[in-house]
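Spelled out, the chains give:
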Number of protein chains: 2
Amino acid sequence: MTDPVSVRPRPASDITEWDLDADVVIAGYGIAGVTAAIEAAREGADVLVLERTGGWGGAAALAGGFVYLGGGTPLQKACGFDDSAENMKAFMTAALGPGVDEAKIADYCEHSVAHYHWLVDCGVTFKESFWGEPGWEPPFDDGLMYSGGENSAPFHTVATPAPRGHVPQMSDKRTGEKGGGYMLMEPLVHTAEKLGVRAEYDMRVETLVTDADGRVVGVITRRYGRELAIRARRGVVLAMGSFAYNQQMVEAFAPRLIGRPGASIEEHDGRAILMGQALGAAVAHMDATEVAFVADPQHLVRGILVNGRGQRYVPEDTYPGRIGQLTLLQNDNEAYLIIDEQAYEAGAAATSATPFMQQLQPKWVAETVDELEAEMGLPTGALVSTVEVYNRHAAEGSDPLLGKKPEWVTPIGTPVAALDLRGHTMGFTLGGLRTTLDSEVLHVSGAPIPGLYAAGRCTSGVCAWGYASGTSLGDGSFYGRRAGIAAARNPA
Amino acid sequence: MTDPVSVRPRPASDITEWDLDADVVIAGYGIAGVTAAIEAAREGADVLVLERTGGWGGAAALAGGFVYLGGGTPLQKACGFDDSAENMKAFMTAALGPGVDEAKIADYCEHSVAHYHWLVDCGVTFKESFWGEPGWEPPFDDGLMYSGGENSAPFHTVATPAPRGHVPQMSDKRTGEKGGGYMLMEPLVHTAEKLGVRAEYDMRVETLVTDADGRVVGVITRRYGRELAIRARRGVVLAMGSFAYNQQMVEAFAPRLIGRPGASIEEHDGRAILMGQALGAAVAHMDATEVAFVADPQHLVRGILVNGRGQRYVPEDTYPGRIGQLTLLQNDNEAYLIIDEQAYEAGAAATSATPFMQQLQPKWVAETVDELEAEMGLPTGALVSTVEVYNRHAAEGSDPLLGKKPEWVTPIGTPVAALDLRGHTMGFTLGGLRTTLDSEVLHVSGAPIPGLYAAGRCTSGVCAWGYASGTSLGDGSFYGRRAGIAAARNPA
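Reference entry: report on the structure contained in this document. The model shown is predicted, which means the values in this text are computed figures rather than measured ones.

Taken together, the contact between chain B and chain A spans 48 residues of the former and 48 residues of the latter. Summing both sides of the interface, chain B and chain A together bury roughly 4100 Å²; the carbon and sulfur share of this comes to 56%. Counting across the interface, chain B meets chain A through zero salt bridges. Those elements giving two or more residues to the side of chain B that touches chain A turn out to be α7 (247–253), α8 (271–277), β11 (283–284), α10 (320–330) and α13 (382–394) of chain B. Top element by residues in the side of chain B that touches chain A is α13(B). It accounts for five residues. Within the side of chain B that touches chain A, the residues separate by chemical class into 23 nonpolar, 16 polar and nine charged.

Written out as structure tokens, the structure is:
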């Protein structure tokens, strides 16, 4: 962890003059930063956001825009879905673990409807329409979608299925202008600006400043090579993103992600985590990762996915991020989709109606599964028996092995092909600073570090191992707000 | 992480009087502590070991005693095995990752033969005989055994197989008196005592003491409720074991191990890690775990192991700790051994010649695999097809799916049974403080923390995710020595 500019805290006594000051100083102008800024300003604080790049947005503005919300939001109701905080909690506990922070999950679920209203009040628009096709995100401007496998095995037996992926209404994706993440960030930033939140760009936050009692009272930043000391009278909020682009941290904590960062930005260098650790901050779930799976879900649901031994390991109709996790973390990153010609064509046709989904071509094509197996170099019988068992039950419309929904269960016919999906994963890290429900950063002693708050992907949020799309913008915005409130209320 | 006695460092300026002092103070009298003590004393330091329990030994004295050594040790040569540092490095890199500390592995392998001689010079005895039967450890007093799957798929193709599990000669296990771990610790403790190493027992190390420059200059301990301040003129060595018994840390980092600690002792509460983190120490691979699999390897090799879907997932003749890891971490802790009557009896007979191996009874028995599958409640065809594919190749003496060695490949006949091995795992944690090759504890800034050294399972050693038996006593003793040397040479 060679560090040319130290992450060690700087003593306030070394600061002869503060270059800037504010009640609440927020490092990072992504989803956690902007929500913290809004709430801190509403609490009456003078707020300054420091952003490393030339503009607001962070990874959030580039994201699909899912916010994981539920418990019976107006959008869920408008689309005809029942949900409750308890039901949402049951799903999240099962799907995002093992080892979830139960208090955080309960808190998040209990206040999810209120958080929906808060976002809407800030100007975020959710179109009252549900997208039910297999896919990563709605291709048009629909507002609601399943985004974590809630309606798939095994989670549909744990909790009543309800879609919770809430997507801010975007312009048509075919125009390519503004995605859901941008449409989330834009009204929030406007809200912050109207509240008088100041922002400084091209400011790299490098170090925390602490007083003699160990309280965080500011940050040291760098802009065009010049160092600036910035005073935070009430508190500092770290909202600087994940460590997906810190190679040494990825090697030390999430090595299966080496060389495959995704859905993240290069500014996600883990520095906020290191700055916190330098003060004795606790971390949690540093191995946890979101894992995207690069394949068209419209094809996945119509075939069977097998690992390097020709065995099925995941219901193909679940959340593709779960497929990515199980592939990378439990099946040596080896996956093949076995699909017959008719199903492949049907998948391609379904996708052709939606923009921007890349079509993967089969690598092997054969007249029989026997031939396909041989072409793929699998042991004799390995794939044939997998297909036989699948087809035997599919003929009756069921999938007792993995519980794929009957609507997608069809015997695999001929000619048949295999898509080579080895190495088709990438992702970002989910572990980080351990925080309270008020987004205070916890010291390893169990007590909060005075004056230090954090939210977003530099913290360990609602995900411990599993993932659902929308939980990052979800806990980032939810606990970003908490951070802003707590920092603003901290006595100066 | 509620902490009634804070893990925060205490300023030296608060200490009015030191109760005890030494050049090098070592916290913990297990394998890392004793080897640090010996080397520090040999460097001329006045050494004091502080042990929480009433006697020396730690988890090491209760362990089987494997020390992972290779590269061509005299014991390997005497037993007829070739090995080299490069070969050992290739195996360890493949088997103990992903994400191993490559510099540490290279260092460990390069000096492994010298470390063997060092142990022997301290009075540790290795009997020149090889135990080649499937099992966890030699049941008698043989000195050498495969202990990491070196001669099994897939690792036997990565490096030339060589056994590296070196077991100190013990009295016959049937007498039950002294195991390999005890026979390792005893001569080492005697060596330390002869060198004048002092030890204080019933001393719980609670906090580090730092001077105004941040250098570690002592520890605060507690004995029978009384607090003592102990000065370390040259350095403090943390050798306090894993965090397997710290429930909150296990939940935060290795949640699949919740409720199943094993091969560990209750003193392994993670405190050394927290004390280091409170000074800004970096940690690594906190999710990594050793995982034991409670089943007789003599049975495992003679059957096929299937997961909850009836699929094989591991060559049954590999290191049982690898079976444990793949079962717990990648197959939902679900495993069944499918074995025919003849093979079960043969396994039982093989085991009856060795003491203390518990015999597991079949849960289901049937005349055919079809019936067995139905009794187990598996989907029709799931197990039948697995056995058919296995038997088809076994008839030709091969296992192309997983590469079980031909000597153990025999078609599964009838009558046939299944052993229920769900939940048959337990283990300990492998993650911890990040250290240099000189066992200095690294700050997250990348620089060593002055005066602080660590070794053993409170550090991240040669294992990143995988495991081999002997690597804990191996890197504990190897880097314990380095810690003792470095602390003793640190200027007072």
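This part is about the nonpolar core. With 180 residues, the main nonpolar core has L238(A) and L238(B) as its most contacted residues. Those residues in contact with L238(A) that sit more than four places away from it in its chain are A27(A), L208(A), A272(A), M275(A), L433(A), L452(A), Y453(A), A454(A), A455(A) and C458(A). One finds L69(B), Y146(B), Y453(B) and A487(B) within the second-largest nonpolar core, a separate group that totals 41 residues.

As a further point, take the side chain of Q298(B). All names here are of chain B. Assignment of secondary structure puts Q298 in helix α9 (residues 297–300). Residue Q298 is classed as buried on the basis of its relative accessible area, which comes to 4%. Polar contacts involving the side chain of Q298 include one to the side chain of E133, which spans 2.7 Å. Here R302 takes part through its side chain, which lies 2.6 Å from a polar atom of the side chain of Q298. Other than its neighbours up to four places away in sequence, Q298 contacts E133, P134, G347, A350 and T351.

Attention now moves to the relation of the copies chain B and chain A. To go from the first copy of the chain to the second, apply a rotation about an axis and then a shift along the same axis. At an RMSD of 0.0 Å, chain B and chain A line up after a rotation of 180 degrees and a shift of 0.0 Å along the axis. The superposition of one copy onto the other is thereby described by a two-fold rotation axis. Most of the interface of chain B is mirrored in chain A, where 100% of its interface residues again form contacts.

Our focus in this paragraph is the packing of aromatic side chains. Residue and element names in this part refer to chain A. Counted by the stated rule, this structure contains 30 aromatic pairs over all chains. Relative to F91, the ring of Y68 has its centre 6.4 Å away and its plane inclined at 20 degrees; by these criteria the two rings are stacked. With Y68 in strand β4 (residues 67–68) and F91 in helix α3 (residues 85–95), this pair connects stretches of sequence that are 23 residues apart. Residue Y68 shares its accessibility class with F91, and that shared class is buried.

Let us now look at the sheet that holds strand β15 (residues 364–366) of chain A. Residue and element names in this part refer to chain A. Read across the sheet, four strands follow the order β13-β14-β16-β15 without closing on themselves; strand pairing throughout is antiparallel. The sheet is open, and its two borders are formed by β13 (304–306) and β15, each paired with just one other strand. Pairwise comparison of adjacent strand axes, ignoring direction, gives a mean angle of 20 degrees for this sheet. Against the sheet, helix α12 (residues 369–376) makes contact with β14 (336–340), β15 and β16 (416–420), and its axis sits at roughly 150 degrees relative to β15, the strand it touches most.

About the thresholds
Positions within a chain are numbered from 1, following the residues in the order the chain's sequence is written. By the order in which they are written, chains take letters starting at A while ligands take numbers starting at 1. Per-residue local features of the predicted model are confined to residues with pLDDT of at least 70, and side-chain atom pairs are confined, for both listing and counting, to 80 or more; whole-chain, interface and lining totals are unaffected and use all residues. In computing side-chain properties, one takes all heavy atoms of the structure into account and sets aside hydrogens as well as water. When checking whether two residues touch, look at their non-hydrogen atoms; a contact exists if any pair is within 4.5 Å. Values labelled buried area give the accessible surface lost by two parts on being combined, using a 1.4 Å probe and summing over both. Within this document, salt bridges are pairs made up of a side-chain nitrogen of Lys or Arg and a carboxyl oxygen of Asp or Glu, the two lying within 4 Å of each other. Comment: elements are numbered from the N terminus, with helices defined as DSSP H or I runs of at least four residues and strands as E runs of at least two. Lys, Arg, Asp and Glu make up the charged group, whereas Ala, Val, Leu, Ile, Met, Phe, Trp, Tyr, Cys and Pro make up the nonpolar group; the residues left over, Gly among them, are polar. To qualify as a nonpolar core, a set must consist of buried Ala, Val, Leu, Ile, Met, Phe, Trp, Tyr and Cys residues joined through side-chain atoms within 4.5 Å. Each residue's exposure class comes from its accessible area (1.4 Å probe, protein chains only) as a fraction of the maximum for that residue type: buried when under 20%, exposed when over 50%, partly exposed otherwise. Side-chain atoms alone can form a polar contact between residues adjacent in sequence; in general such a contact is a pair of N or O atoms within 3.5 Å, and within protein one must be able to donate a hydrogen while the other accepts it. A least-squares superposition brings the copies together, and it is based on the C-alpha atoms of residues with pLDDT no lower than 70 in both. Side-chain rings of Phe, Tyr and Trp, where Trp is taken by its six-membered ring, are said to pair if the distance between their centres is within 6.5 Å; with planes under 30 degrees apart they count as stacked, over 60 as edge-to-face, and otherwise as tilted. Two strands are counted as paired when DSSP detects at least two bridges linking them. Note on geometry: axes are C-alpha line fits, over the in-contact stretch for helices, and angles between N-to-C directions span 0 to 180 degrees.

Function-wise, these values are silent; they only describe arrangement.
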